[in-house]
Amino acid sequence: MHDIKWIRDNPEAFDAAMTARKVEMTAQRLIDIDADRRRLMTEHQEMLARRKSISGEIGKLRQSGGDADELMAEMGKLKDRIKDAEDGQAGLNEQLDLLLSSLPNVIDEEVPAGESEEDNVEVRKWGIPGEFDFKPLEHFEIGDKLGMMDFETAAKLSGSRFVILRGGLAKLERALGQFMLDLHVNEHGYEETITPMLVRDDAMFGTGQLPKFAEDSFRTTNDMWLIPTSEVTLTNQVAGEIIDEAALPLRYTALTQCFRSEAGSAGRDTRGMIRQHQFSKVEMVSVVAAEKSNEELDRKTRCAETVLERLGLPYRTVVLCSGDIGFAARKTFDIEVWLPGQGKYREISSCSNTGDFQARRMNARYRAAGDKKTSFVHTLNGSGLAVGRCLIAVMENYQQADGSIRVPDALKPYMGGVEVISPRG
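Rules behind the numbers
Residues numbered from 1 in each chain as written. Predicted model: local features only at pLDDT ≥ 70, side-chain atom pairs only at ≥ 80, totals over all residues. Heavy atoms only, no water. UniProt positions renumbered as here; feature names shortened; annotations may be inferred. Helix = DSSP H or I, 4+ residues; strand = E, 2+ residues; numbered from the N terminus. Rg over C-alpha atoms; globule rule 2.2 N^0.38 Å. Buried < 20%, exposed > 50% of the residue type's maximum accessible area, 1.4 Å probe, protein only. Contact = heavy atoms within 4.5 Å. Areas by Shrake-Rupley, 256 points an atom, 1.4 Å probe, with all protein chains shown as cover. Lys, Arg positive; Asp, Glu negative; His and termini not counted. Charge placed at Lys NZ, Arg CZ, Asp CG, Glu CD. Pairing = 2+ DSSP bridges. Polar contact = N/O pair within 3.5 Å; in protein donor to acceptor, adjacent residues only side chain to side chain.

Going by the annotation in an unreviewed UniProt entry, the name recorded for the chain is Serine--tRNA ligase, with Thalassospira xiamenensis given as the source organism. Under Pathway (unreviewed entry), UniProt gives the following word-for-word description of the chain: "Aminoacyl-tRNA biosynthesis; selenocysteinyl-tRNA(Sec) biosynthesis; L-seryl-tRNA(Sec) from L-serine and tRNA(Sec): step 1/1." The Function (unreviewed entry) comment attached to the chain in UniProt states, word for word, "Catalyzes the attachment of serine to tRNA(Ser). Is also able to aminoacylate tRNA(Sec) with serine, to form the misacylated tRNA L-seryl-tRNA(Sec), which will be further converted into selenocysteinyl-tRNA(Sec)."

Draft legend 1. Geometry of the overall build of the chain. Counting its regular elements, the chain contains 12 helices and 18 strands. Relative to the 2.2 N^0.38 estimate, which gives 22 Å for 425 residues, the radius of gyration of the chain is 28 Å and therefore markedly larger than a compact globule would have. Over its C-alpha atoms, taken along the principal directions, the chain stretches across nearly 105 × 45 × 40 Å. Buried residues in the chain amount to 48% of all 425 residues. Put simply, of all contacts in the chain between residues at least 6 apart along the chain, 72% involve residues at least 24 apart. Total accessible area computed for the chain in this model is approximately 20800 Å², and 47% of it derives from carbon and sulfur atoms. Positive and negative side-chain charges of the chain, numbering 55 and 69 respectively, have mean locations separated by a distance of 2 Å.

Draft legend 2. A look at the pairing of strand 11 (residues 315-319). Of all 5 residues in strand 11, 4 are buried, a share of seventy percent or more. Summarising the sheet, strand 1 (residues 121-126) and strand 11 pair through 5 bridges and their orientation is antiparallel. Counterpart to Arg-124 in the pairing with strand 11 is Thr-317. The pairing of strand 11 with strand 12 (residues 331-339) spans 5 bridges and is antiparallel. Bridging across to strand 12, Val-318 finds its partner in Asp-334.

Draft legend 3. Just the side chain of Ser-286, in detail. Position of Ser-286 among the secondary structure elements: in strand 10 (residues 278-288). A polar contact of 2.7 Å, which involves the side chain of Ser-286, links it to the side chain of Glu-296. A distance of 2.8 Å separates the side chain of Ser-286 from the side chain of Lys-300, its partner in a polar contact. When residues no more than four places from it in sequence are discounted, the contact partners of Ser-286 are Tyr-190, Leu-250, Arg-251, Glu-296, Lys-300, His-378, Thr-379 and Leu-380.

Draft legend 4. Up close: helix 12 (residues 387-397). Counting buried positions over the 11 residues of helix 12 gives 11, a clear majority of the element. Val-387, Gly-388, Arg-389, Cys-390, Leu-391, Ile-392, Ala-393, Val-394, Met-395, Glu-396 and Asn-397 are the residues of helix 12 that are buried.

Draft legend 5. Fine view of the pairing of strand 16 (residues 378-386). Extensive coverage of strand 16 is indicated by the burial of 9 of its 9 residues. Taken together, the 7 bridges between strand 10 and strand 16 define a ladder with antiparallel strand orientation. For Val-287, the partnering residue across the bridge sits in strand 16 and is Thr-379. With 3 bridges joining them, strand 13 (residues 344-353) and strand 16 adopt antiparallel strand pairing. Its bridge partner being in strand 16, Cys-351 is matched across the sheet by Gly-382.

Right, here's the structure in full:
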């Protein structure tokens, strides 16, 4: 959500930001609507004041036996004009709110210009992709050989973009989620949280999924939404709140199932688990004071990177360009893990600073000690990590010639002594 006052004061900066986003919206259009709205507000207040004055004059005339017909006629006309002004204000408020809520966040000045993911800028790389003395397989080929990854039965139950995991792979996915949670809670200072997976419209609006991206999520028959990520529930915990600055930062993490319609991904990643309607993810959300959000983004990104380093999975981190950054984000780092079966890096985490964009939609504020004034908090989110994609990365990077998978050292304590996941006999 945007601050119309900021747009009035910084029209050129707003226009530059929307141009970078390839959005056809000008500050002047919004300013004109706002000017009409404020004009009607002023007229409305003046008419209310005049009505009050007339009412007093009519009372005095009646007490003195005077003729109040002319004032009564004016009162009647004022009633209609006041109603018209109220209706006009409501319409302009709705129009302005709809426009402001449908526009993406203003990107940080450090975000590189670009058209697509091809223009994202690599900022660092960790690990060296392993060499195999055989042709490495993709995860769905490995899963098929193991007899533990079943897309056919899942399709019978639910359609495409679902999977059933069995045996060692099911246990490995569970181990990954537990490992990530323990790392973020015990070493990174996040509070483990269990949240609902069904939410109302206002929660989806608060984090920016509504109204623009309704088709990307699943809606139930009683008008609830399945969460596309626990960013929605973790962040909205502070909706409508005024937090003492001394309590900041707030850091939350959760392991949940996530649900996405993948409306715009027809024909992309149709084989395997890369792009599913249902998947598990460990999310990290931070709520911080305004001046701390850039520092918190760097910290959050390191938390996500640490997961991959502990698992021995090569990765690279990129900063997203203006043409690839998400709707609510001010600045985003994507972490891409190496997949030898595909011979490329693929996204496994996105860590974003949304500034006060979500906070304005949620009306989430904080107050410094001894200060009467409140400010909007800054919110950040990041995958820590997408568990299914991490499972894919472990399968492909730790695969062996006989079709088995070595269990990374960091996961052995979570696997009950299992060190190798072997094909079923």
